[in-house]
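Read off the chains here:
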Amino acid sequence: MAMNRFTRSLGSVSARRPWAVIAAWAFALLLVLPLAGLAGGAYADDLVAPGSESEQAMELLEERFPEASAGTAMAVFAAPEGQRLERHRAAVEAAVARIADVEHVAMASGPFTAGTLSPDGRIGFARIAFDVPAMTLGHETNVALEEAIEPARGGGVAAELGGDVVFVNAETETSGAEVAGLLTALVILVVAFGTIVAALVPISLALVAVAAGLGSVTLLANAMDISTAAPTIAAMVGLGVGIDYALFIVARHRENRSAGQDNASALSNAMGSAGAAVLFAGGAVILAMAALALTGLGFLTSIGLSTALVAFFAVAAALTLLPALLSLLGERVHRQWRRGSARPAKKAEHTAWWRFAHRVSGRPRRHLIAASLILLTLAAPALRMETGFPDAGNDSTGTTHRRAYDLLSEGFGPGFNGPLLVVADLTRPGVDADGVPALSRRLAADPGIAEVGAPQTSAAGDTVVLPVIPATAPADAETSRTLERLRDVVPDNVAVSGLTAMTDDLTAQLDDTLPVFVIAILVASVLLLFVVFRSVVLPLKAAAVNLLSIGGAYGVVVAVFQWGWCASLFNLDGTFPIASPLPTIFFAVLFALSMDYEVFLLSRVREEYRVTGDNAESVARGMAATGRVITSAALIMTVVFLSFVANPSPLAKMMGLGLATAIVLDATVVRMVLVPAAMALMGRANWWLPWWLDRLLPRTAGADLTPSRQHGAIPEPGRG
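This is a predicted model, so every value here is computed, not measured.

(A) Broad picture of helix H2 (residues 18-39). Between the first and last C-alpha of H2 there are 31 Å, a value that for 22 residues agrees with the 32 Å anticipated at 1.5 Å per step. Listed as buried for H2 are Pro18, Val21, Trp25, Leu29, Val32 and Ala36. Buried residues of H2, seen end-on, are gathered within an arc of 85° and therefore sit on one face of the element. Away from its buried face by more than 90 degrees, H2 exposes Trp19, Phe27, Leu30 and Leu38. Buried residues belonging to H2 abut helix H1 (3-16), helix H11 (196-220) and helix H14 (298-329).

What follows is the structure in structure tokens.
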């Protein structure tokens with residue numbers, strides 16, 4: 001069945017049985033949400049790079065020396081300035097005793113018994129060892145540890161929690177600005193539609209889709225590790241596309257009503273045109289996000305599948321729940337919010353979009369060069385991008401693990417927050433038990449090492465672990481260079497692991513897989529556009545301009561976070577390396593969202609071209625028909641994404657700013673200037689398709705995505 005016939009039929013069925021559709025959605029929500037609350041899994045970050053040296057070392061420890069591979073944490077205590085921690089010994093020891101009673105805590109040794117006090121005696125920490133790996137513990141462990149250290153805080157001591165377990169299982173913070181973003185989106189929709197009812201419908205559908213999607217993601221956490229970042233990213237994208245998809249269909253429905261169609265016909269035709277575009281655009285988002293599994297990294301796979309799941313619910317709500325609601329609301333969707341505000345629909349020739357499109361097509365080379373220079377200039381900083389995995393020191397000062405990080409750095413040095421584990425397999429040729437002291441001295445001689453701890457030997461005597469403290473912070477580029485030097489000098493039966501080494505290996509694998517991932521997404525999207533628009537030029541042009549807008553977003557993020565430009569505007573307290581997962585996540589999300597606007601614009605341009613056969617006029621009419629809607633949609637998505645810039649987490653700020661920047665560039669420079677200029681230069685070649693390729697491409701959708709409005713529509717020229 002052709003795509004437009006499918007969406008038209010689905011919409012018609014939903015419109016004829018609105019209460020049944022609404023009841024089905026209500027039942028699904030009432031089933032998923034309580035079930036997620038009762039039986040949902042806990043979020044956990046799988047930070048392992050498959051096949052890496054750090055993973056192999058950790059697997060060896062889990063097999064032979066499980067106590068050395070288990071999770072660790074630290075409770076950090078600091079007396080007020082000018083005092084020694086000894087003065088508060090009773091409060092600290094009471095807190096350590098309570099920590100020892102927390103579930104899965106195998107050992108807790110206080111600063112006074114273990115001698116872990118800073119040289120000035122003001123700061124000390126308790127070592128906490130667990131009986132299971134850090135990745136298997138949830139946020140509940142952090143909550144229990146927080147409760148355990150309360151006696152120390154009550155005694156006037158600063159008490160904070162740090163270490164692998166606390167950092168990995170920290171709960172994602174929110175700022176509440178997301179609600180403000182939704183309210184702003186509502187205002188934009190009211191202005192765009194002039195009716196409160198029509199404005200509320202897209203937001204309501206987006207909230208339903210996100211609720212159903214996140215509930216399903218929580219249930220999915222029972223079957224696989226779901227990253228703690230997955231709900232934030234999925235909600236961010238889900239809100240944006242959920243509002244957009246409903247907005248495009250509602251706008252086309254209202255346009256059809258203004259053209260004199262009755263409500264049922266207007267809705268059916270809107271579902272057959274805009275609904276088909278939504279189905280394809282949503283499919284592109286789902287495909288791009290699911291493709292994160294190609295990286296082979298567990299936490300990126302979980303982010304991709306979670307976001308794809310929420311996007312699926314956004315598409316499903318737009319194609320079923322939306323026509324049901326529009327059918328029930330009837331004329332109320334078109335009733336203006338104030339008396340006399342209704343205006344007759346403007347003809348295309350009378351709109352600013354039509355005039356601007358003809359202005360661009362009149363001087364296409366000038367506009368093409370100017371737009372390209374703007375995007376390339378913004379993208380230039382991306383050439384100096386430095387990636388690294390964020391550590392506790394990159395997080396908000398409002399988190400306990402960041403405050404613990406700062407106290408440990410102050411009292412013991414920055415490298416104390418990122419210890420390495422040097423693991424020797426004594427069953428293999430290389431260093432033996434007698435050679436461990438010499439290995440320890442060799443490691444300590446490296447200028448990047450601050451301290452090498454006492455060797456720990458497994459009960460069977462076949463595995464030795466040397467704890468190593470670098471002289472620099474975990475996310476510092478110098479720590480990565482130190483790690484490389486250590487791996488170069490150790491024998492073949494020795495591997496370097498620990499959370500810092502694991503995240504460094506993760507960054508290296510991300511850098512290696514990004515080109516493969518980008519090529520796969522580009523090829524898949526170009527092939528899909530070949531099928532939908534049956535053109536050679538348009539898919540290639542779409543891929544090129546989308547890459548330019550994504551590059552611009554990369555460049556802005558580098559300038560703000562890595563170089564510190566306008567840092568105070570975004571409430572940043574320093575510079576940060578670009579989180580190594582973000583370039584990959586950015587590309588998946590931004591390419592998918594850019595394809596949304598590309599599909600909505602080009603589908604309308606193609607519809608006009610099949611009627612007129614005039615390339616310049618079809619572009620102008622396509623922009624006139626979709627310009628206001630795409631601009632409103634982009635503005636809404638920008639507001640939603642910018643609301644995440646207020647999040648305390650620098651990682652969320654990076655994501656929000658990068659996505660918002662790309663959407664702004666895509667809806668203005670790309671969609672308003674670059675696309676019409678390029679199409680004007682290409683002329684009839686935009687629609688060229690060789691006869692042999694036309695035969696090879698399936699006709700599951702094709703021209704049906706944008707059906708002709710007249711029986712006498714001209715055929716598409718250019719094949720041959």
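That shown, we press on.
(B) Structural view of the packing of aromatic side chains. Enumeration according to the criterion identifies ten aromatic pairs in this entry. Ring geometry for phenylalanine 517 versus phenylalanine 587: centroids 6.3 Å apart, planes at 75°, classification edge-to-face. Of the two residues, phenylalanine 517 is situated in helix H20 (residues 499-533) and phenylalanine 587 in helix H22 (residues 582-612); the sequence distance between them amounts to 70 residues. In this structure phenylalanine 517 comes out as buried when scored by relative accessible area, which is 1%. Residue classification places phenylalanine 587 among the buried positions, given a relative accessible area of 3%. Site record: aromatic cluster; members linked through ring pairs are Trp25, Phe312 and Phe313.

(C) Inspection of the packing of helix H12 (residues 230-258) against H14 at higher detail. At their nearest, the axes of H12 and H14 sit 8 Å apart, and the two run at 25° to each other. The angle between the axes of H12 and H14 places the two elements in the roughly parallel class. Note that H12 runs across H14; the crossing there is right-handed. Contact residues: H12 offers Ala230, Ile233, Ala234, Val237, Gly238, Val241, Gly242, Tyr245, Ala246, Ile249, Val250 and His253, while H14 offers Ser302, Ile303, Ser306, Thr307, Val310, Ala314, Val315, Ala318, Leu319, Leu322 and Leu326. In terms of residue class, the contact of H12 with H14 is made up of 17 nonpolar, six polar and no charged.

(D) Representation of the packing of H2 against H11 within the structure. Their axes nearest at 9 Å, the elements H2 and H11 cross at an angle of 40°. Considering the angle they form, H2 stands oblique to H11. Crossing hand, H2 versus H11: left-handed. Residues Trp25, Leu29, Val32, Leu33, Leu35 and Ala36 of H2 pack against Val208, Ala211, Ala212, Gly215, Ser216, Thr218 and Leu219 of H11. Of the residues belonging to the contact of H2 with H11, the class tally is ten nonpolar, three polar and no charged.

(E) Seen up close, the side chain of arginine 671. As for its position among the elements, arginine 671 is in helix H24 (residues 650-682). A polar side-chain atom of arginine 671 sits 3.3 Å from a polar atom in the side chain of asparagine 546.

(F) Quick peek at the sheet that holds strand E2 (residues 105-109). Within the open sheet, the four strands sit side by side as E2-E3-E1-E4. Their pairing is antiparallel. Looking at strand neighbours, the two that pair on one side only are E2 and strand E4 (158-162), the edges of this open sheet. Adjacent strand axes in the sheet meet at a mean angle of 20°, parallel and antiparallel pairs treated alike. Inspection of the sheet shows strand E1 (residues 72-78) paired to strand E3 (residues 123-130) by seven bridges, in the antiparallel sense. Paired with threonine 72 across the two strands is alanine 129, which belongs to E3. Sheet contacts for helix H5 (residues 89-100): E1, E2 and E3; angle to E2, the most-contacted strand, approximately 165°. The sheet contacts of helix H17 (residues 400-412) involve E1, E3 and E4, and relative to E4 the element is tilted by about 105°.

(G) Geometry of a nonpolar patch on the surface. There is a patch of nonpolar side chains on the surface, built from Phe27, Leu31 and Leu35 and spanning about 310 Å² of accessible area. A relative accessible area of 45% means that leucine 31 is categorised as partly exposed.

(H) Structural detail: the nonpolar core. In this structure, Tyr245, Phe561, Phe587 and Phe641 are the most contacted members of the largest nonpolar core, which totals 162 residues. The residues contacting phenylalanine 561, other than those within four sequence positions of it, are Leu572, Thr575, Phe576, Ile578, Pro650, Lys653, Met654 and Leu657. With 27 residues, the next largest nonpolar core counts Ala73, Leu85, Ala126 and Ala148 among its residues.

Rules behind the numbers
- Residues numbered from 1 in each chain as written.
- Predicted model: local features only at pLDDT ≥ 70, side-chain atom pairs only at ≥ 80, totals over all residues.
- Heavy atoms only, no water.
- Helix = DSSP H or I, 4+ residues; strand = E, 2+ residues; numbered from the N terminus.
- Expected span 1.5 Å × (residues − 1).
- Buried < 20%, exposed > 50% of the residue type's maximum accessible area, 1.4 Å probe, protein only.
- Arc of directions from axis to C-beta.
- Contact = heavy atoms within 4.5 Å.
- Phe/Tyr/Trp six-rings, centres within 6.5 Å; stacked < 30°, edge-to-face > 60°.
- Axes fitted to C-alpha atoms, helices over the stretch in contact; angles between N-to-C directions.
- Parallel < 35°, antiparallel > 145°, perpendicular 65-115°, else oblique.
- Left-handed = near helix turned anticlockwise from the far one by under 90°.
- Nonpolar A, V, L, I, M, F, W, Y, C, P; charged D, E, K, R; others polar.
- Polar contact = N/O pair within 3.5 Å; in protein donor to acceptor, adjacent residues only side chain to side chain.
- Pairing = 2+ DSSP bridges.
- Patch = residues over 30% accessible without salt bridge, like charges linked within 9 Å, V, L, I, M, F, W, Y side chains within 5 Å.
- Areas by Shrake-Rupley, 256 points an atom, 1.4 Å probe, with all protein chains shown as cover.
- Salt bridge = Lys/Arg side-chain N within 4 Å of Asp/Glu carboxyl O.
- Core = buried A, V, L, I, M, F, W, Y, C linked by side-chain atoms within 4.5 Å.

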